[in-house]
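Analysis of the macromolecular model
Chain residues, written in single-letter form:
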Amino acid sequence: MRADAIADTQSETQSPTGLIVLQGQDKMRPWLDAEGLVWAGAKPDATGDVLVLAIHLRELHGYGDLRVGRFVLATGAVFPVQLDGADGIGRTPWGSSLEAFGGVPVVPRFGSRAYDWLVGARLAQTLAKVTVGFSYIQRREYGDISNQELGADLAAVPFRWIDLAAKAAYDLTSPGIADARLSAAVRVGAVRTELFASEQSPGRLLPATSLFSVLGDFPSQRIGGTVRWWAAPRLDVLVSGAGQLVGHELGGNGWIRSTLRLDDRGSGSLGVEVRRVEVTTARWTGVRLVGARSLGGGFRFASEIEIVVPDEPNGRGVAWPWGLMACSWRSTSGWEVAGAIEAASSPQYRYEANALARISRTLEFR
């Protein structure tokens, strides 16, 4: 049993908040585990809520899994949704699988529900190194259909040096592509190159009764690539760029990141990143420095610094800095204590400071 209690004391503009994380496993019953994530609320409203509370049952040979409770459903081409219900999957030795799920979409603080529910299924088949899946999901609000989607997903490794992945969801209620993604990655020596493309329609990702979907839908198309180079045994270099079309306006973003690991285990590292964003009204250039180091005796220190320079400050400052320092200690008896302090100047606030404290204990029963 592991329990984490996290408290966040923030600036005058925001109130203290809390979070509790629970995890449970049993060596005598490896087919059973449980997890919980509780938002403890923020004063003065104290709007606490249960984010995740679920039991997970599994067949030890991998032929089946069952989740019951409150969890986030994400499978195949189904858009992730927080659900109070059940999700079960069965697998066969020849690579077929059938997943079925159903329940009630989560309402904050267990609020009243007007006959809202969601059901769906996914059928998949794996042959050699190719997996193909087909899914269907239906969501109702006030008893009426608000959203129906058909989905398909593909994952393939035709050769050791190439990975392919694709998924798409088609909206049956308001016919059209709701979400589509495609990626291909190639590895040659110390270099990995990935090309990706996506299309999203926000109006179709929302329920048909949403005000946003009524007022207008501005599809977004994105295409780009990422290159990762293992320049040295402890040095990685990542370069990524993408063009994006939002509505009828063309933009894009790109970044380069380098990480140097200070030891073979990666317990310490130094990193630098430079990023450029130019999409609709977001136009800025930023730099980020990251460092982490194990200090011995169970202690670990980490620090990050970011500086963003907007193209048009509009009286909100010529640069927006952000900094974070964190330190943690872990004992051999299962105790872990961590704390962090961050300070920033942003477009919303001239200055703000936040402090986070965390204490956890891992218990083992025999």
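Residues numbered from 1 in each chain as written. Predicted model: local features only at pLDDT ≥ 70, side-chain atom pairs only at ≥ 80, totals over all residues. Heavy atoms only, no water.

Turning to the pattern of salt bridges, a few remarks are in order. Following the criterion strictly, the structure yields 22 salt bridges and no others. The partner of Glu278 in a salt bridge is Arg276, with the nearest N and O atoms 3.0 Å apart. Judged by its relative accessible area of 27%, Arg276 is partly exposed. Arg288 is the partner of Glu306 in a salt bridge, and the nearest nitrogen-oxygen pair spans 3.2 Å. Here Glu306, found in strand β19 (residues 299-310), pairs with Arg288, found in strand β18 (residues 282-296); they are 18 residues apart in sequence, far enough to count as distant. (Salt bridge = Lys/Arg side-chain N within 4 Å of Asp/Glu carboxyl O. Buried < 20%, exposed > 50% of the residue type's maximum accessible area, 1.4 Å probe, protein only. Helix = DSSP H or I, 4+ residues; strand = E, 2+ residues; numbered from the N terminus.)

Each regular strand displays side chains that alternate between the two surfaces of the sheet. Bridge count between strand β17 (residues 269-279) and β18: eleven bridges; the pairing is antiparallel. When the sheet's bridge partners are listed, Arg275 is paired in β18 with Gly286. Linking two consecutive strands that pair antiparallel, namely β17 and β18, is a turn of two residues; a positive phi of about 45° is found at Thr280 within it. Note: β18 against β19, twelve bridges, orientation antiparallel. By the bridge assignment, Val290 is partnered in β19 with Glu304. Here β18 folds back onto β19 in antiparallel fashion, the turn holding two residues, of which Gly297 has a positive phi close to 65°. (Pairing = 2+ DSSP bridges.)

Take it as geometry only, folks, not as evidence of what the structure does.
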